[in-house]
Amino acid sequence: MRGSRPRGAGRRRPPGGCGGDTLRTPASLAGCYSAPRRAPLWTCLLLCAALRTLLASPSNEVNLLDSRTVMGDLGWIAFPKNGWEEIGEVDENYAPIHTYQVCKVMEQNQNNWLLTSWISNEGASRIFIELKFTLRDCNSLPGGLGTCKETFNMYYFESDDENGRNIKENQYIKIDTIAADESFTELDLGDRVMKLNTEVRDVGPLSKKGFYLAFQDVGACIALVSVRVYYKKCPSVIRHLAVFPDTITGADSSQLLEVSGSCVNHSVTDEPPKMHCSAEGEWLVPIGKCMCKEGYEEKNGTCQAPSPVTNVKKGKIAKNSISLSWQEPDRPNGIILEYEIKYFEKDQETSYTIIKSKETTITAEGLKPASVYVFQIRARTAAGYGVFSRRFEFETIPVFAASSDQSQIPIIAVSVTVGVILLAVVIGFLLSGRRCGYSKAKQDPEEEKMHFHNGHIKLPGVRTYIDPHTYEDPNQAVHEFAKEIEASCITIERVIGAGEFGEVCSGRLKLPGKRELPVAIKTLKVGYTEKQRRDFLGEASIMGQFDHPNIIHLEGVVTKSKPVMIVTEYMENGSLDTFLKKNDGQFTVIQLVGMLRGIAAGMKYLSDMGYVHRDLAARNILINSNLVCKVSDFGLSRVLEDDPEAAYTTRGGKIPIRWTAPEAIAFRKFTSASDVWSYGIVMWEVVSYGERPYWEMTNQDVIKAVEEGYRLPSPMDCPVALYQLMLDCWQKDRNSRPKFDEIVNMLDKLIRNPSSLKTLVNASSRVSNLLAEHGPLGSGAYRSVGEWLEAIKMGRYTEIFMENGYSSMDAVAQVTLE
Ligand code: AMP
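Bear in mind that the values here come from a model prediction, so they are computed numbers and not experimental data.

Asker: Go over the overall build of the protein with me, naming the residues and quoting the values.
Answerer: If you tally the helices and strands in the protein, you get 19 helices and 43 strands. Scored against the burial criterion, the 818 residues of the protein give a buried share of 52%. By sequence separation, contacts in the protein at least 24 residues apart represent 68% of the contacts at least 6 residues apart. Roughly 37100 Å² of accessible area belongs to the protein as shown, and the carbon and sulfur atoms make up 51% of that amount.

Pasting the structure below:
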């Protein structure tokens, strides 16, 4: 295709926008249309509107071309020469405004092409084209012109370089026919009302390095005010201490790209952090996280440690002991809980002793006389240990020097003493299984629990849940696992819910040296019994043992003043069941699967820790503003006492029947496999946006039906893959149910491959499920088929039932599984 620069290219009008000699009176503009062969200078008015719409592009859009910001010549080509023309305007800063117009509405057989220059796609495989244009209403043209059109066409041609410029029109691929939402008339011109249309189209997958765009006019009156070509990316973010890089979205409009994050400095991965970049440039479904390394605490998405202890001074030095004192680090970055003092005889670093102290002084005893000892000290805050201080060396005094004012001690006795001490250190070392020992000399009895938790040996790397019941004193358990917070650090803002023990409030927590956090505060109401206090704090003793992005995080407890409180992270969207009911139908399947994935990951963590939840239900899941779901509601016996859904079974236990596996209802066999059953019910609740499982059926009917093999039918619009997973969770044989790690893997696969979620359980099989599983259930309670179907939210199938002869409840009750 041959072409030429549009007429007017490079010819610039003087500044002054729409004023000065370029402004026509409405009457003369109208004249412009009665003689459409002349350049329609009405674009001048429109340019003002276009300029006003010069908005910054959203942060997840990267421009490949924006005609409004190109300072020089755009280099576009018009063919034939007398078709499209460029109106060379400049704004008040003399910056060019590139507007192309064509208005050959009086002539037959128009075929006017405007070709852009080559546009690199910068590696993007899906690009978006945003056009701003005005279009004249044909009916408003004098005489109602028969040849006038109200659309134009947009095309593209891919090529690796600029050589594609001379290709023929018919080699271009059509993107779309573009019509105006609003065309303008002469009247609008009179009123100076601007009707600027914005249309966006996308093209992909692209396989070459770049492309040309072309605009074809077939006889319309158009002014193309701006052309913006962009791709979308998920902009770099830091989530859960992991950095996710700028990521260009995938080629497919439903594609989710799995992106791995890298841990910020001084942090390490717990579960490898991942997120998914959607085609719209949004980050979805965060998985895993990084954690600050020991000694570092999280602050504004980074990890900074408590600064090292610097100022260490020697105190009293004797032949067998050295006393030291030091000052708090300059930047404690939190409350210092204790110090750890490591010391060893110089050049004997492999055999060292560790003392822990809450004070800033210690005395290391049992040392060799006349020997140099190396000391290093580090502070511990709630975030963990800081780095060790530099080495400080101090020497014990020689035995004879010491003996000058004391009775003589034979050297042999000193040697024996030293030998015994060394032996004790070695035995301590072997018993503890660590490369260090704890000095008993100045040790607080609590410190021994660093190794032994109430008789449970804590092996490094193997974390297991410790039932707070195993503690004789429940107060000891709560202080073992939960940090005591001073009430003055908490500001209560408003009541957000009611728990069994008192109100739940939102508020803020400001710990010294830490940034203020939004928190939820559970309070224990006044006049509580000792058992209520124990049960209330029991939840904190359990929650405090967990550290996972999908488990509600405990900040600490207030027990030393009243009211007694449990402080946790704040979850903006509250409990999942209420949130879903409020937002019925608002989420994509991927978002729902992301929620389910989070819950499954939290449950995998709990089952790995050996904790059985027993009350897993959407009402016990909390959801935050990023749609991250976290498992909550941990308790001792009270879990089930507290739950309004829990009902007494014939064996006397109180159980949330609709969520509980048959073996747990029948003989209280609660295991991670029974939690998997409950997880299946949660899946059903999530996909049906908070519908009540088994609707209004009675608990007795539910138990009976489940025992007889009936299962909940698929929720509406449910992907087959999800419903199949639900059915797997509801296998009667608990050993046949999937494990939580398998569920997490399965959901990950679905998230990676969203097209696998496109096949939905179809309406007819939902109806047949309904018949098979719910026809006979509770049907006696309803007077008509319609009423029954309404009650189970299937009212829309009434007609199908009627058409198939199921017009009475008796007929429905006859339906069998076959
Ligand atoms: P619970 O006693 O744990 O069942 O809490 C009662 C209600 O308080 C819940 O249903 C939530 O609506 C709300 N709630 C509890 N904990 C939080 C939290 N961490 N963030 C936000 N809301 C919460």
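Asker: Requested: an account of the sheet that holds strand E38 (residues 554–558), with residues and values cited.
Answerer: Taken together, five strands build an open sheet; the order of strands is E35-E36-E37-E39-E38 and the sheet is antiparallel. Each edge of the open sheet is held by one strand with a lone partner, namely strand E35 (490–498) and E38. Pairwise comparison of adjacent strand axes, ignoring direction, gives a mean angle of 25° for this sheet. Packing against the sheet, helix H7 (residues 530–543) makes contact with strand E37 (517–523), E38 and strand E39 (565–569), and its axis sits at approximately 35° to E39.

Asker: Got a sec to walk through the packing of aromatic side chains? Specific residues and values, please.
Answerer: Within this structure, the stated rule accounts for 24 aromatic pairs. Judged by centre distance (6.0 Å) and plane angle (55°), the rings of Trp-113 and Tyr-172 are tilted. Residue Trp-113 is found in strand E5 (residues 112–115), and its partner Tyr-172 is found in the loop between strand E8 (151–159) and strand E9 (173–179); the two are separated by 59 residues along the sequence. The same class applies to Trp-113 as to Tyr-172, namely buried. Between Tyr-611 and Phe-634, the ring centres sit 5.7 Å apart and the planes meet at 70°, which makes this aromatic pair edge-to-face. Of this pair, Tyr-611 sits in the loop between helix H9 (589–608) and strand E40 (621–623) while Phe-634 sits in the loop between strand E41 (629–631) and helix H10 (638–642); the two residues are 23 residues apart in sequence, bridging distant segments of the chain.

Asker: I'd like a rundown of the packing of helix H14 (residues 720–729) against helix H15 (residues 740–752), residues and numbers included.
Answerer: Contact geometry for H14 and H15: axes closest at 11 Å, N-to-C directions at 175°. The orientation of H14 with respect to H15, classified from their angle, is roughly antiparallel. Note on element contacts: H15 touches H14 through Ile-743, Met-746, Leu-747 and Leu-750, opposite Ala-721, Leu-722, Leu-725 and Cys-729. Residue composition of the contact of H14 with H15, grouped by class: eight nonpolar, no polar and no charged.

Asker: I'd like to hear about the site of the ligand, residue by residue, with values.
Answerer: Around the ligand, the surrounding shell holds 15 residues, and the nearest of these are Lys-522, Thr-568, Glu-569, Met-571 and Asp-633. Take Thr-568: an N or O atom from its side chain is 3.2 Å from a nitrogen atom of the ligand. Here a nitrogen atom of the ligand sits 2.9 Å away from a polar atom, N or O, in the main chain of Met-571. Within the complex, 84% of the 480 Å² of free accessible area of the ligand lies under protein. Broken down by secondary-structure element, the contributors of at least two residues to the shell around the ligand are E35, E37 and E39. The class makeup of the residues in the shell around the ligand is eight nonpolar, four polar and three charged.

Asker: Give me the pattern of salt bridges: which residues, what numbers.
Answerer: A complete count under the given rule lists 28 salt bridges for this structure. A single salt-bridge network, built from bridges that share partners, covers Glu-338, Glu-340, Lys-356, Arg-378 and Arg-380.

Asker: Please provide a residue-by-residue account of the nonpolar core, values included.
Answerer: Core analysis: the biggest nonpolar cluster contains 87 residues, and Phe-546, Leu-576, Ile-599, Phe-634, Tyr-679 and Leu-747 have the highest contact counts within it. The dominant element in this core, judged by the number of residues it contributes, is H9, at 11 residues. Ignoring anything within four residues of it in the chain, the contact list for Phe-546 reads Tyr-465, Ile-551, Tyr-605, Leu-606, Met-609, Tyr-611 and Phe-634. Core analysis: the next-biggest nonpolar cluster, separate from the first, contains 33 residues, Ala-124, Met-154, Tyr-156 and Leu-206 among them.

Asker: Run through the state of the cysteines, naming residues and quoting values.
Answerer: Among covalent bonds in proteins, the disulfide is the one between the sulfur atoms of two cysteines. Enumeration over the complete set of coordinates arrives at five disulfides. Each sulfur in the disulfide pair Cys-138 and Cys-148 lies 1.8 Å from the other. Linking Cys-138 and Cys-148, the disulfide has an S-S dihedral of approximately -75° and is accordingly described as left-handed. Linking Cys-138 in the loop between strand E7 (127–135) and E8 with Cys-148 in the loop between E7 and E8, this pair joins segments that are 10 residues apart in sequence.

Asker: I'd like a rundown of the side chain of Asn-197, residues and numbers included.
Answerer: Of note, Asn-197 is situated in strand E10 (residues 197–203). At a separation of 3.0 Å, a polar atom in the side chain of Asn-197 contacts the main-chain amide nitrogen of Asp-181. Aside from chain neighbours lying at most four places away, what touches Asn-197 is Leu-131, Lys-132, Phe-133, Thr-134, Leu-135, Ala-180, Asp-181 and Glu-182.

Asker: Lay out the pairing of E39 with the relevant residues and their values.
Answerer: Residues in a regular strand point their side chains to alternate faces of the sheet. For E39, a buried count of five out of five residues is recorded, marking the element as mostly surrounded by other parts of the structure. Here five bridges tie E37 to E39, and the two strands are oriented antiparallel to one another. In the sheet register, Thr-523 faces E39, and the bridge partner there is Met-565. With four bridges joining them, E38 and E39 adopt antiparallel strand pairing. When the bridges of E39 are listed, Leu-554 appears paired with Thr-568.

Asker: A description of the packing of H9 against helix H12 (residues 672–687) should follow, citing residues and the corresponding values.
Answerer: Put simply, H9 and H12 touch, their axes get as near as 11 Å, and they point 165° apart. The angle between the axes of H9 and H12 places the two elements in the roughly antiparallel class. Considering the relative orientation of H9 and H12, their crossing is right-handed. Residues Leu-592, Leu-596, Arg-597, Ile-599, Ala-600, Met-603 and Ser-607 of H9 form the contact with H12, whose participating residues are Ser-672, Asp-675, Tyr-679, Val-682, Met-683, Val-686 and Val-687. Residue composition of the contact of H9 with H12, grouped by class: 10 nonpolar, two polar and two charged.

Asker: Account for the sheet that holds strand E19 (residues 274–277), with residues named and values stated.
Answerer: Read across the open sheet, the three strands follow the order E16-E19-E20; overall the sheet is antiparallel. Both outer strands of the open sheet, strand E16 (257–260) and strand E20 (283–287), are each paired with one neighbouring strand and no more. Across the sheet, the mean angle from the axis of one strand to that of its neighbour is 25°, orientation sign disregarded. Pairing geometry for E19 and E20, over three bridges, is antiparallel. Following the sheet pairing, Cys-277 is matched in E20 by Trp-283.

Asker: Lay out unusual backbone geometry in plain terms, naming residues and giving numbers.
Answerer: Only a minority of non-glycine residues have a phi that is not negative, and only a minority of peptide bonds are not trans. Residue Pro-205 is bonded to the preceding Gly-204 through a cis peptide linkage, with omega at -5°. Its location among the elements puts Pro-205 in the loop between E10 and strand E11 (210–217). Look at Leu-241: it is not a glycine, yet its phi comes out positive at around 65°. Mapped onto the fold, Leu-241 is located in the loop between strand E13 (237–239) and strand E14 (242–244). Even without glycine at this site, Arg-614 takes up a positive phi of about 75°. Counting through the fold element by element, Arg-614 comes out in the loop between H9 and E40.

Asker: So what about H15? Which residues, and what values?
Answerer: If you check H15, its first and last C-alpha atoms are 18 Å apart, about what 13 residues at 1.5 Å a residue would give, namely 18 Å. Looking at the buried side of H15, the elements it contacts are E19, E20, H9, H12 and H14.

Asker: So what's going on with the environment of Glu-493? Residues and values would help.
Answerer: Along the polypeptide, Glu-493 turns up in strand E35. On the basis of relative accessible area, Glu-493 is assigned to the partly exposed category, the value being 48%. Leaving out residues up to four positions away in the same chain, Glu-493 has contacts with Ser-506, Gly-507 and Arg-508.

What counts and what doesn't
Counting restarts for each chain, with residues numbered from 1 along the sequence as it is written. Residue-level local features of this predicted model are given only where pLDDT is at least 70; pairs of side-chain atoms are given and counted only at 80 or more, and the full residue set underlies all totals for whole chains, interfaces and linings. Side-chain numbers come from the whole structure's heavy atoms, not from hydrogens or water. Runs of H or I in DSSP of at least four residues are treated as helices and runs of E of at least two as strands, each being numbered from the N terminus. Under the scheme applied here, a residue whose accessible area is under 20% of the maximum for its type counts as buried, over 50% as exposed, and between as partly exposed, the area being computed with a 1.4 Å probe on protein chains only. The criterion used for residue contact is that any of the two residues' heavy atoms lie within 4.5 Å. Note that accessible areas follow from Shrake-Rupley with a 1.4 Å probe, and for residues the cover is restricted to the protein chains shown. One bridge is not enough; two strands pair if DSSP finds at least two bridges between them. Comment: axis = line fitted to C-alpha atoms, over the contacting stretch for helices; angle = value between 0 and 180 degrees taken between N-to-C directions. Centres within 6.5 Å are what make two rings of Phe, Tyr or Trp a pair, Trp counting through its six-membered ring; a difference in plane orientation under 30 degrees is then read as stacked, over 60 as edge-to-face, and the rest as tilted. Roughly parallel here means an angle under 35 degrees, roughly antiparallel means over 145, roughly perpendicular means 65 to 115, and every remaining angle is called oblique. Any residue outside Ala, Val, Leu, Ile, Met, Phe, Trp, Tyr, Cys, Pro, Asp, Glu, Lys and Arg is labelled polar, Gly included; the first ten of those are nonpolar and the last four are charged. Nearness here has a simple test: a residue counts as near a molecule or strand if at least one of its heavy atoms is within 4 Å of that partner. Polar contacts, as counted here, are pairs of nitrogen or oxygen atoms within 3.5 Å of one another; within protein the pair requires one atom able to donate a hydrogen and one able to accept it, and residues that are adjacent in sequence qualify only if both atoms are side-chain atoms. Throughout this description, the term salt bridge denotes a Lys or Arg side-chain nitrogen within 4 Å of a carboxyl oxygen of Asp or Glu. Each nonpolar core is a collection of buried residues, namely Ala, Val, Leu, Ile, Met, Phe, Trp, Tyr and Cys, held together in the definition by side-chain atoms within 4.5 Å. Any two cysteine sulfur atoms within 2.5 Å of one another count as a disulfide. Rotating anticlockwise by less than a right angle from the far helix to the near helix defines a left-handed crossing, while the corresponding clockwise rotation defines a right-handed one. To estimate the expected span of a helix, subtract one from its residue number and multiply by 1.5 Å.

All quantities given are derived from atomic positions and should not be read as evidence of function.
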